[in-house]
Amino acid sequence: MVRFENVWLKYRRAGEATLAAAPNVISDISFEIPDGGFRWLTGASGAGKTSLLKLMYLAEHPSRGRIDIMGTQAVRLNRRDMALLRRRIGVVYQDFRLLGHLSAYDNVALPMRLARKTEGQVKADVTELMRWVGLVDKMQRRPAELSGGEQQRIAIARAVVGRPKLLVADEPTGNLDDDQAERLMLLITALNRLGTTVVIATHNLHLVERYPAPCMEIAAGRLVAHG
Amino acid sequence: MANRVDHLGLRSAMADRLLPMLVGAMSFLAVLAIAGTIAAASLARQWQGDTGAALTVQVPASASAVGNTSRVQAVLGVLAATPGVTDARALSTPELDALLKPWLGADAAALALPVPAVITATWSGAGSLDGLRAALDEAAPGTLAETGARWASRVAALTSSLTASAAAILVIVALVAAAVVAVATRAGLAQRRDSIAIIHGLGALDADIADRFAVRATLLAAVGAVIGAGLAVPVVLWLGTLAAPFAGVLPQTASPGLPVALWVSLPAVPFAAAAIGWVTTQFTVRGWLRGLA
């Protein structure tokens, strides 16, 4: 379950003495997504979609309000427990955020290695996922040697390899062609059916129509529609 | 995390030349400081023993040489009977002439000055010389007795200050080494900021990241320290040769070698550098990570 209760977010900007002076990026947002739920997150550029997702995948702390992720009040956690909670969240970043000095294989293996899985498990799961995203023949390539779409598929594989309980994706189909996007959505809906809670931020209304699910719409940092 | 994969790319992010070189220089200085401390302490013990134990007795000249001889014999008799006094011996005329030569010239005897007889001995008694002085004065009035205690205390003060200076240098060297490691670590953190943010976001513990940096910094510091300490050994040997006369070793006949304490301390330098590397890096990285959510 993901629960936001009167959540506000501000970023302190250079030159501002206090956080109070900063503008609100997220304003008084409350919602609840049950375990195994699926939500689209839509809104114009700059509306606050990415900031809302950052709060969900614990990259930011709210300025005010309460966030519960998988039954845990996130801001109360110590650093170790916060890290352990992050391992249960898969994230597909808009800009992929792959490690350039590692191969595609090692990038995908990273969450499993952080979780101290055996190399045997890592090899089996990573190879299977690489096959699924169609990049098994490019496992040893560095991200710079891959196209934008291929990098995005690596980022998606990394996000789901640990079988997360919550999957958060920021424009995951932005660099994919229709076939690849369709394949990705099959993977995500399969994960969702297995119990993973999914939140996907997108501009792609065609995708939203193709895979009907409750939609959260955000505008100027406020949740204007949820349902 | 599996150790085979350099997740943070630290092999290229943390300076593999500058850090060992600077830590090596610090280790070189550390070995010199340790050698200085050990040498100062050793010389202090030796000099205090030599000067503190020396007893000098002056028997003023009498009107006749024969009379002075009997006074010297009387003084020697008192010294022989005094507990704590050993090796009493009257200096010969050539020895006295040699002592006076710097002040009176080569033919001091021609000046016919009333030169006192001088007796040297070793004093191992406790307490003051007052009782001995009284007995000597009774045997030969005007006799003076003095030990090197005053000089020994000055030597002790000098060597103590040398030891303290060497210890202060050692502390400064350790602090500079820590600062060097901290700067190198911060440079590595700045270079790998994005990678760290990514693996932090994937759920890496602070310890996972700090340990990666610490292992790298410790290895580089230890390598630098081994090289620096190794290079210092011949320099310390050379300095030991220069200092040999002060330690009572004749430079042309014997090599002073290195004291056992220094041989024992030498291997500790790389371990100390490694420990400084590990602790400093852990503090630096964990402090930096607290800036992330």
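Not measured: the values here are computed from a predicted model.

Here the idea is plain: a probe the size of a water molecule rolls over the atoms and shows the empty space left. Residues and elements named next belong to chain A. Here the structure, examined in full by the defined rule, presents three cavities of 30 Å³ or more. Space inside the largest cavity adds up to approximately 70 Å³. Lining of the largest cavity is provided by Trp 132, Val 133, Arg 153, Ile 156, Gln 180, Arg 183, Leu 184 and Leu 187. Of all elements in the fold, only helix 5 (148-160) and helix 6 (178-193) reach the threshold of two or more residues within the lining of the largest cavity. Each residue belonging to the lining of the largest cavity can be placed in one class, and the counts come to five nonpolar, one polar and two charged.

Attention shifts here to the nonpolar core. A general feature of soluble globular proteins is that nonpolar side chains tend to end up buried together. Residues and elements named next belong to chain A. Trp 40 and Val 126 are the most contacted members of the largest nonpolar core, which totals 40 residues. Within the residue set of this core, elements represented by two or more residues are strand 3 (38-42), helix 3 (104-114), helix 4 (119-132), helix 5, strand 7 (166-170), helix 6, strand 8 (197-201) and helix 7 (205-210). Contact partners of Val 126, with chain neighbours within four places excluded, come to Tyr 105, Val 108, Ala 109, Met 112 and Val 161.

With that settled, consider the confidence of the model for chain B. Residue and element names in this part refer to chain B. In the predicted model, chain B carries a mean pLDDT of 82, and 85% of its residues have values of at least 70. In the model of chain B, helix 1 (residues 10-13) stands out as the element of lowest mean pLDDT, 65, in contrast to helix 10 (residues 268-289), which has the highest, 95. Taken together, the stretch residues 249-255 has pLDDT below 50 and engages in three contacts with residues farther than four places along the chain or on a different chain. For this predicted complex, the interface confidence score (ipTM) comes to 0.86, while the overall pTM stands at 0.74.

On to the interface of chain A and chain B. Reports often express the size of an interface as the amount of accessible area lost when the parts come together. Taken together, the 24 residues of chain A in the interface contact 24 residues of chain B. Buried area between chain A and chain B, summed over both chains or domains, comes out near 2100 Å², and the portion from carbon and sulfur atoms is 59%. Considering only the surface of chain A that becomes buried against chain B, Arg 79, Arg 86 and Leu 114 of chain A emerge as the three largest contributors, covering 30% of it. If you look at where chain A meets chain B, you find three salt bridges. Between Asp 208 of chain B and Arg 116 of chain A there is a salt bridge, and its shortest N-O distance comes to 2.7 Å. For the side of chain A that touches chain B, the secondary structure elements donating two or more residues are helix 2 (79-86) and helix 3 of chain A.

Attention shifts here to the pattern of salt bridges. All names here are of chain A. All told, the structure shown has 13 salt bridges over all chains when counted by the stated rule. Here Asp 68 makes a salt bridge to Arg 66, at a shortest N to O gap of 3.1 Å. Three or more residues are tied together by salt bridges with common partners; here these are Arg 3, Glu 5, Arg 66 and Asp 68.

With that settled, consider the environment of Ala 168 of chain B. All names here are of chain B. Among the structural elements, Ala 168 can be located in helix 6 (residues 149-191). Taking the relative accessible area as the measure of exposure, Ala 168 reaches 36% and is therefore partly exposed. For the pair Ala 168 and Ala 33, spaced 135 residues apart in the sequence, the C-alpha separation amounts to 8.8 Å.

All names here are of chain A. Two numbers describe how helix 3 lies on helix 4: the axes approach to 9 Å, and their chain directions differ by 125 degrees. Compared by their axis directions, helix 3 and helix 4 come out oblique. When you trace helix 3 past helix 4, the crossing you get is right-handed. Contact with helix 3, carried on its side by Ala 104, Tyr 105, Val 108, Ala 109, Met 112 and Arg 113, involves Glu 119, Gln 121, Val 122, Lys 123, Asp 125, Val 126, Thr 127 and Met 130 of helix 4 and no other residues of that element. Considering only residue class, the contact of helix 3 with helix 4 consists of eight nonpolar, two polar and four charged.

Further remarks concern the packing of aromatic side chains. Residues and elements named next belong to chain A. Within this structure, the stated rule accounts for three aromatic pairs over all chains. Ring geometry for Phe 4 against Phe 31: centres 4.6 Å apart, planes inclined by 20 degrees, an arrangement best described as stacked. Here Phe 31 lies in strand 2 (residues 24-33) and Phe 4 lies in strand 1 (residues 2-10), a separation of 27 residues in the sequence. Judged by its relative accessible area of 5%, Phe 31 falls in the buried class. The ring of Trp 8 has Arg 64 sitting right over it, with the charged end atom 4.4 Å from the ring centre. The ring centre of Tyr 93 lies 4.9 Å from the NZ or CZ of Arg 97, which sits over that ring.

Rules of the game
Residues numbered from 1 in each chain as written. Chains lettered and ligands numbered in written order. Predicted model: local features only at pLDDT ≥ 70, side-chain atom pairs only at ≥ 80, totals over all residues. Heavy atoms only, no water. 1 Å grid on protein atoms, 1.4 Å probe; cavity = no way out; pocket = protein on both sides within 12 Å on 5 of 7 lines; lining within 4 Å. Points joined across faces, edges and corners; volume = space filled by probe spheres on them. Helix = DSSP H or I, 4+ residues; strand = E, 2+ residues; numbered from the N terminus. Nonpolar A, V, L, I, M, F, W, Y, C, P; charged D, E, K, R; others polar. Core = buried A, V, L, I, M, F, W, Y, C linked by side-chain atoms within 4.5 Å. Buried < 20%, exposed > 50% of the residue type's maximum accessible area, 1.4 Å probe, protein only. Contact = heavy atoms within 4.5 Å. pLDDT = per-residue confidence, 0-100. Buried area = accessible area lost by both parts, 1.4 Å probe. Salt bridge = Lys/Arg side-chain N within 4 Å of Asp/Glu carboxyl O. Axes fitted to C-alpha atoms, helices over the stretch in contact; angles between N-to-C directions. Parallel < 35°, antiparallel > 145°, perpendicular 65-115°, else oblique. Left-handed = near helix turned anticlockwise from the far one by under 90°. Phe/Tyr/Trp six-rings, centres within 6.5 Å; stacked < 30°, edge-to-face > 60°. Lys NZ or Arg CZ within 6 Å of the ring centre and 35° of its normal.

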